[in-house]
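Examining the three-dimensional arrangement
So you can see what is in the structure, the chains are spelled out below.
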Amino acid sequence: MEITQTLDCKGLSCPMPMMKLAKAMKGLKSGDILEMLGTDPGTKSDIPKWCEKTGNTLLEATELSGGVTRMIIQKN
Amino acid sequence: MAEPTKESGVLVQLFRTFFGKHWPVWVGGIVLGTLNILLFAIKSPWGASGGINNWGENVFSSVGLINIESVAPVNENLYGMLCLLIVVGSFIGALFSKEFAFRIPPRGELIKGFIGGGIMAIGATVGIGCTIGAFFSGVPALSGGALVFTIGLFIGVIIALRYLLWEMDKFPKWSSGKSYNLLAAKPNKGGWQIVLGWIFLIGVIILAYSYVGSNLTMTWFIIIGGLMGMISQRSRFCIVKAFRDPFMSGESHGAVGVMAGLLVGLVGFTAIKLFGIGAEDASIRAREMTWVFPHFWAKAGIGGLIFGIGMTIAGGCAVGTLWRVGEGQVKLWMSAIGFLLISPISKIFIVPSVDNMLPHSMKYKNFLPDYIGYDGAVALVIAIIIIWYWFVKWNEKTGKFSAF
């Protein structure tokens, strides 16, 4: 799995992670993979819902050390 | 092959039900709506900006900067304590779910938090209430001003959302840069957070009990405030999200959660007002006019608009700010500081000039049942909620009004 772009949203509160994610996804091609790093607990429930709604695929969601959530999203 | 794991006890399973993952927002909305009825039955409905204003007045009077007469200390002010306990309750909820951390964002976000909080304070003092007092409680209280305040909120949110999109496009550095995340629990570790959560929970129980002999209402406000903070944190109940997300990502779950809370509140508030429950020595008329503020229509509209702008920039309304303070989001700490510092200043220097400009016909108490009866008022509020529900669901599917 090759990551096309990494989006660092650490320290950001809602709605900035979601806004930055949506903007970044617009710049990607179908099949590209985005890695997002965030610390807002809200993203853990917001991003799966957003992926479901937009048809993008959440490939992975893992908890890293330091309270960082890593999400791997493939553009549809 | 994985090692067979020992099955958890029923109490551990129960604990995980509450703190293992986030609750649906509508569950939070229903429970918060119910607790709001309880507050009204005991004394008066939920509000947040008044409590934060009390914090600010205490700060100013303690340093002698502004002479504010008869400032109640926070520990004697029901709403000052309610707000404080929302922070503590959220802190406990975040600790129990091992979600607490000091999340320090880039500098630009901290500044936006402070400015957003200050704008919210102006909106709340001008409009007489915030998204809780003038909306989440005001609408079930059948206040005409609350409906106008809601319209103002919508417009404010749309304006500020456009600003945020513009800012992200033109000045992306404002929301990027060095950030810190301190004291976060490591994956599968962080038992200290749960222990600390229990210590604070016991502290809240002792605090509530300490008022039993002197002020039983305060005991209940402490318990309800703590529960409200915890429930808001677990369900991520957020009124900014309810107003903003349909125009941003198109998602509706935040809005539906708020609608659930409004409907529950509507049933309970109507019963309390109709039967004069808890009127005691006061007249039934005074009871039914509770949370119907003298802001119909312009004062409510202006306040709602300003508040909507502020809460969108801050990323949390008054209560959304409070529970995020509790889970360690430092941007919202700045928002709370901006709110509490600007609120007393706005009350003294801004509100009187707005009041002088507006004639009585633009700032009076409008109790909807006086014009269309209780049945008409309840039907009107339900109709508005149904239209709002239909709109957010239709928009979620079509994306017609969503920015992305």
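Residues numbered from 1 in each chain as written. Chains lettered and ligands numbered in written order. Predicted model: local features only at pLDDT ≥ 70, side-chain atom pairs only at ≥ 80, totals over all residues. Heavy atoms only, no water.

1. A closer look at the overall build of chain B
Note the following rule: Secondary structure follows DSSP: runs of H or I at least 4 residues long count as helices, runs of E at least 2 residues long count as strands, and numbering of each begins at the N terminus. Restricting the calculation to C-alpha atoms gives the radius of gyration, and the globule rule supplies 2.2 Å times the number of residues raised to the power 0.38. Note on exposure labels: buried denotes an accessible area under 20% of the residue type's maximum, exposed denotes more than 50%, and partly exposed covers the range between, all computed with a 1.4 Å probe on protein chains only. To measure how exposed things are, a 1.4 Å probe is used in the Shrake-Rupley method; for residues, cover is taken only from the protein chains shown. For the purpose of counting charges, residues Lys and Arg are taken to be positive, whereas Asp and Glu are taken to be negative. His and the chain ends are not included. Lys charges are placed at NZ, Arg charges at CZ, Asp charges at CG and Glu charges at CD.
Along chain B, the regular secondary structure elements total 17 helices and four strands. Computed over C-alpha atoms, the radius of gyration of chain B comes to 21 Å, within 12% of the 22 Å expected from 2.2 N^0.38 for 404 residues, which places it in the range of a compact globule. In terms of its C-alpha atoms, chain B occupies a principal-axis envelope of roughly 75 × 60 × 50 Å. Buried positions account for 57% of the 404 residues belonging to chain B. Working note: accessible area of chain B is about 17,200 Å², and carbon and sulfur atoms make up 70% of it. Between the mean site of the 30 positive side-chain charges and the mean site of the 19 negative ones, chain B shows a separation of 8 Å.

2. Quick notes on the packing of aromatic side chains
All names here are of chain B. Here is the rule we go by: Side-chain rings of Phe, Tyr and Trp, where Trp is taken by its six-membered ring, are said to pair if the distance between their centres is within 6.5 Å; with planes under 30 degrees apart they count as stacked, over 60 as edge-to-face, and otherwise as tilted.
All chains considered together, the criterion is met by 35 aromatic pairs over all chains. Taking the centre distance of 5.8 Å and the plane angle of 45° together, the rings of F18 and W23 count as tilted. Among the residues examined, F18 registers a relative accessible area of 37% and is labelled partly exposed. Taking relative accessible area as the criterion, W23 reaches 17% and is therefore assigned buried. Taken together, the aromatic side chains of F135, F154, F243, F247, W388, W390, F391, W394 and F401 make up a single cluster linked through ring pairs.

3. Structural notes on the interface of chain A and chain B
It is common to give the size of an interface as the accessible area that goes away when the parts come together. Spelled out, the test is: Whether two residues are in contact is decided by their heavy atoms, any of which lying within 4.5 Å being enough. By definition, the buried area sums, over both parts, the 1.4 Å-probe accessible area that each loses when the two are put together. The salt bridge definition used is simple: a Lys or Arg side-chain nitrogen within 4 Å of an Asp or Glu carboxyl oxygen. Under this definition, polar contacts are N or O atom pairs within 3.5 Å; protein pairs additionally need one hydrogen-donor-capable and one acceptor-capable atom, and for neighbouring residues in sequence, both atoms have to be side-chain atoms. Classification convention: Asp, Glu, Lys, Arg as charged; Ala, Val, Leu, Ile, Met, Phe, Trp, Tyr, Cys, Pro as nonpolar; all other residues, Gly among them, as polar.
Listed as interface residues are 28 residues of chain A and, on the opposing side, 37 residues of chain B. Broken down residue by residue, the surface that chain A buries against chain B is led by A:M19, A:P41 and A:K53, which jointly contribute 21%. Scanning the region where chain A abuts chain B turns up four salt bridges. For A:K44, the salt bridge is made with B:E99, and the minimal N-O distance between the two is 3.4 Å. Put simply, chain A and chain B have 10 residue pairs in polar contact (both at pLDDT 80 or more) between them. Among the elements that line the side of chain A that touches chain B, the one with the most residues is helix 2 (residues 41-54) of chain A, at eight residues. By residue class, the composition of the side of chain A that touches chain B is 10 nonpolar, eight polar and 10 charged.

4. Details of the environment of B:L39
All names here are of chain B. Examined against the element boundaries, L39 turns out to sit in helix 2 (residues 25-42). With a relative accessible area of 0%, L39 lands in the buried category. Through-space distance from the C-alpha of L39 to that of G225 is 9.6 Å; in sequence the pair is 186 residues apart. Ignoring sequence-local partners within four residues, the contact set of L39 consists of S44, P45, W46, L82, F221, I224 and M228.

5. Here's the deal with the pairing of strand 4 (residues 69-74) of chain A
Residue and element names in this part refer to chain A. Quick reminder of the rule: Following DSSP output, two strands are said to pair if at least two bridges run between them.
Of all six residues in strand 4, five are buried, a share of seventy percent or more. Across six bridges, the pairing between strand 2 (residues 33-38) and strand 4 is antiparallel. Bridged to E35 within strand 4 is I72. Pairing of strand 3 (residues 57-63) with strand 4 involves six bridges; the strand directions are antiparallel. Across the sheet, residue E60 finds its bridge partner in strand 4, namely I72. As consecutive antiparallel partners, strand 3 and strand 4 are separated by five residues, and within that stretch G66 has a phi angle of approximately 80°, a positive value.

6. Concerning the layout of surface pockets
The test is simple: Buriedness of a pocket was judged along seven lines, with at least five required to meet protein on both sides within 12 Å; pockets are open sets of points on a 1 Å grid over the protein atoms alone, cavities are sets where a 1.4 Å probe fits but cannot get out, and lining residues have an atom within 4 Å of a point. Grid points are joined across faces, edges and corners, and a volume is the space filled by probe spheres set on the points.
Size it by volume and the largest pocket reaches roughly 910 Å³. What lines the largest pocket is a set of 37 residues, among which A:K44, A:E63, B:G20, B:S97 and B:E99 lie closest to the centre. Going through the elements one at a time, helix 2, strand 3 and strand 4 of chain A together with helix 1 (10-19) of chain B are the ones with two or more residues in the lining of the largest pocket. Partitioning the lining of the largest pocket into residue classes produces 15 nonpolar, 10 polar and 12 charged. Its volume calculated, the second largest pocket comes out at about 420 Å³. Together, 23 residues line the second largest pocket, and B:S49, B:G50, B:N53, B:G129 and B:K347 are the ones closest to its centre.

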